[in-house]
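What follows is the residue order along each chain.
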Amino acid sequence: MDHRPQAWGRPRDDVYGAYDASYMQTNQPNQHTQSPIVTGTSVLGMKFKDGVVIAADNLASYGSLARFTDVKRLRTFAESSVVGFGGDVSDMQYLDRHLTELAIDEAYTSTTTTPNAQPTLNARNLHKYLSKLLYHRRSKFDPLWNSLLVAGLDEAGAPFLAAADLLGTTFTSPSLATGFGSMLAQPIMRGLVPDEASVAQVTREQAINCVRECMKVLFYRDARSLDSYSLAVVTKDGVELSENEKLENQSWAFADRIKGYGTQTV
Amino acid sequence: MTSIGTGYDLANSIFSPDGRNFQVEYAVKAVENGGTSVGIRCKDGVVLAVEKVVTSKLLKPGANKRIATVDKHLGVVYSGMVPDGHHFADRARDEARAWRETFKTPISTSDLASRMGGYLQAYTLYQSVRPFGITAIIGGFDSELESPVDGEVGSGPSIGAGGKVQGSHGGPGLYMIEPSGMYWGYYGAATGKGRQAAKAELEKLNLSEGKLDLKQAVKEAARIIYVAQQDNKDKEFELEMSWISNADGPTKGRHVEVPKELLEEAERLAKKAISEDDEEEEGEEEDDKMEE
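Bear in mind the structure is a predicted one, so any value in this text is a computation, not a measurement.

Q: Can you break down the overall build of chain A residue by residue, with the values?
A: Along the backbone of chain A there are seven helices and 13 strands. Counting across all 266 residues of chain A, residues that qualify as buried make up 43%. Expressed as a percentage of contacts within chain A between residues at least 6 apart in sequence, the contacts between residues at least 24 apart total 62%. A total accessible area of about 14700 Å² is found for chain A, and carbon and sulfur atoms account for 52% of it.

Structural data, given as structure tokens:
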């Protein structure tokens with residue numbers, strides 16, 4: 001019998017034969033984190049003079065299958081910021097729990113009675129935290145497969161809107177869209193708010209109407225989208241989140257003029 | 001205590017022959033010297049209040065909070081040894097966090113009271129430790145809404161297997177935990193130096209009838225702290241108050257400090273009520289003299 005320490009606890013070679021070490025390791029790196037499974041599509045956000053509008057539909061797709069149709073992809077944190085999640089839904093759940101814990105920790109040190117004190121978990125700090133977390137995870141080759149929009153107010157009370165993605169890339173703009181929306185909705189939103197200076201002229205109603213219109217365009221053209229969606233408005237008065245919006249006044253009249261795909265004979 | 005000096009009070013893990021644990025009783029003495037804490041449970045929320053004795057003029061007003069937030073919907077206040085109270089609050093936060101991690105849902109007020117009761121009781125069992133020198137009041141509001149699991153997406157089937165059963169749940173909770181680990185649920189709880197006067201005032205409110213609303217409770221709590229403080233007027237103190245309402249109420253189910261305006265209003269009314277009482281008493285005394 002082999003009494004060497006490296007043989008302890010192992011099946012005996014003279015009884016079972018040599019252990020097939022190829023079961024222990026593969027020559028490939030882990031791949032289970034390298035692609036999303038259940039996914040959400042675009043998130044849209046737009047600043048207006050008093051705050052930010054953000055929207056995302058209520059669909060979680062399993063590949064091309066519209067698998068879950070009542071998924072809330074806009075999440076409120078610390079009563080003052082909204083994060084819109086695109087990409088992998090399980091990673092979204094992880095982030096939701098993580099940020100909820102963070103918000104509770106922040107609430108331990110209360111600020112309400114101290115003059116000039118501000119909540120530390122404002123939208124800018126939340127976005128900075130998320131982007132660092134996303135970059136850290138991609139550097140571990142274990143990314144959180146999301147693209148996010150963070151909407152809220154910054155420490156000065158001005159509207160804040162910024163994006164972060166699975167690589168840790170960040171950017172900001174008066175209007176932002178992730179996923180397919182960055183191609184279909186972004187040009188429409190830029191028509192209303194081409195630059196930071198124009199934000200001051202945009203009213204809440206204008207911004208909401210523009211975002212609703214973009215959600216409709218996305219439903220027309222994005223095959224992974226849904227006609228029920230969530231819409232949140234963040235102002236200094238807090239977050240108004242509506243999770244059961246329906247696209248209204250749809251017109252599919254353009255559809256029969258589109259030729260060149262599917263089963264139709266041109 | 002006739003049994004003092006008999007040796008049965010030297011360690012936690014020894015009973016006296018008549019079945020008492022003296023270390024626990026001494027811990028209660030520590031509580032009885034602490035600033036008064038009060039909790040009121042009313043139909044739409046819970047109020048916590050504490051008389052924070054100012055031990056030095058060099059302390060910044062409003063700093064060094066005595067009421068701690070444990071989870072979104074939970075707060076604790078305590079009378080007795082402040083460092084013990086800090087550790088109690090830290091432990092309560094850990095319990096609330098661990099509960100969320102395990103069950104993906106907020107801990108209920110009763111479950112937190114149970115966990116913390118068990119924790120304090122363990123400190124009455126061993127030679128190597130002493131009991132907590134605090135009596136803590138835990139206040140919370142368990143959401144009456146259909147509360148999602150943390151991180152939940154979607155709501156599942158609305159009918160049939162796996163469908164939700166509608167029912168009412170949640171509500172306000174108020175528990176007081178003593179150094180022995182014993183805890184009860186209360187309509188109104190008071191502990192610390194002025195607890196006798198405070199309890200007498202709480203009883204007058206008839207809280208079990210459920211007529212008092214949250215704003216009134218804030219004012220009553222402030223008044224009770226001032227009444228309980230009457231016996232040692234020479235000591236300066238600060239009033240600290242927090243509250244938790246239901247989801248439709250002013251705090252939207254969260255444990256937060258009472259807003260400054262309301263706190264000042266409540267303090268003003270409390271001082272007025274106290275001075276009116278004083279005048280009545282003085283008047284009576286004068287009447288007595290007249291009769292003489």
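Q: Tell me what's going on with the side chain of Arg137(A), and back it up with residues and numbers.
A: Position of Arg137(A) among the secondary structure elements: in helix H3 (residues 123–139). Setting aside residues no more than four positions away along its own chain, Arg137(A) makes contact with Tyr94(A), Asp142(A), Pro143(A) and Leu144(A).

Q: Please set out unusual backbone geometry residue by residue, giving values where relevant.
A: In the Ramachandran plot, Ala78(A) falls in the positive-phi region, its phi being about 55 degrees despite a non-glycine side chain. With a phi angle near 55 degrees, Lys104(B) is a residue other than glycine that sits in the positive phi range. Topologically, Lys104(B) is positioned in the loop between helix H2 (82–103) and helix H3 (109–122).

Q: Hey, could you go over the nonpolar core for me, with residue numbers and the actual values?
A: Residues and elements named next belong to chain B. Formed by 31 residues in total, the largest nonpolar core has its most connected members in Val 38, Ile 40, Val 47, Leu 202, Val 218, Leu 239 and Met 241. Elements supplying a minimum of two residues to this core: strand E1 (37–42), strand E2 (45–53), helix H4 (195–204), helix H5 (214–229), strand E9 (237–245) and helix H6 (260–291). The element contributing the most residues to this core is H5, with 10 residues. Ignoring sequence-local partners within four residues, the contact set of Val 38 consists of Val 47, Leu 48, Ala 49, Ile 137, Ala 189, Ala 190, Ala 198, Leu 202, Ile 224 and Ile 225.

Q: Go over the interface of chain B and chain A with me, naming the residues and quoting the values.
A: On the chain A side, the residues contacting the 20 residues of chain B number 19 residues. When chain B packs against chain A, close to 1800 Å² is buried across both sides, 48% of that on carbon and sulfur atoms. Sorting the residues of chain B by area buried against chain A places Arg97(B), Val153(B) and Glu257(B) first, and these three jointly supply 30% of that buried surface. The interface formed by chain B and chain A includes three salt bridges.

Q: Outline the pairing of strand E3 (residues 51–57) of chain A, listing residues and values.
A: Residues and elements named next belong to chain A. With respect to burial, E3 is a largely interior element, seven of its seven residues being buried. Two successive antiparallel strands, strand E2 (residues 43–48) and E3, enclose a turn made up of two residues. Of the pairings in the sheet, the one linking E3 to strand E12 (residues 228–235) comprises six bridges and is antiparallel in character. Note on E12: the bridge partner recorded for Val 52 is Val 234.

Q: Can you break down the environment of Ala158(A) residue by residue, with the values?
A: Residue and element names in this part refer to chain A. If you trace the backbone, Ala 158 turns up in the loop between strand E8 (146–153) and strand E9 (159–165). Residues Ala 158 and Thr 235, spaced 77 residues apart in sequence, show a C-alpha to C-alpha distance of 9.1 Å. The contacts of Ala 158, once residues within four sequence positions are left out, are Gly 152 and Leu 153.

Q: How would you explain the sheet that holds E1(B) if you had to name every residue and give the values?
A: Residue and element names in this part refer to chain B. Taken in spatial order, the five strands of this open sheet run E8-E1-E2-E9-E10, and their pairing is antiparallel. Lying at the two open borders of the sheet, with one neighbouring strand each, are strand E8 (188–191) and strand E10 (255–257). Taking each pair of neighbouring strands and ignoring which way they run, the sheet shows an average axis angle of 15 degrees. Note that E9 and E10 share three bridges and pair antiparallel.

Q: Could you give me a rundown of the sheet that holds strand E11 (residues 175–177) of chain A, with the residues and numbers involved?
A: All names here are of chain A. Taken together, five strands build an open sheet; the order of strands is E11-E2-E3-E12-E13 and the sheet is antiparallel. Lying at the two open borders of the sheet, with one neighbouring strand each, are E11 and strand E13 (238–246). The sheet shows a mean angle of 10 degrees between the axes of neighbouring strands, taken without regard to direction. Summarising the sheet, E2 and E11 pair through three bridges and their orientation is antiparallel. Pairing of Leu 44 across the sheet is with Ala 177, part of E11. Relative to the sheet, helix H7 (residues 204–221) contacts E2, E3, E12 and E13, its axis offset from that of E2 by approximately 160 degrees.

Reading the values: rules and limits
Residues numbered from 1 in each chain as written. Chains lettered and ligands numbered in written order. Predicted model: local features only at pLDDT ≥ 70, side-chain atom pairs only at ≥ 80, totals over all residues. Heavy atoms only, no water. Helix = DSSP H or I, 4+ residues; strand = E, 2+ residues; numbered from the N terminus. Buried < 20%, exposed > 50% of the residue type's maximum accessible area, 1.4 Å probe, protein only. Contact = heavy atoms within 4.5 Å. Areas by Shrake-Rupley, 256 points an atom, 1.4 Å probe, with all protein chains shown as cover. Core = buried A, V, L, I, M, F, W, Y, C linked by side-chain atoms within 4.5 Å. Buried area = accessible area lost by both parts, 1.4 Å probe. Salt bridge = Lys/Arg side-chain N within 4 Å of Asp/Glu carboxyl O. Pairing = 2+ DSSP bridges. Axes fitted to C-alpha atoms, helices over the stretch in contact; angles between N-to-C directions.

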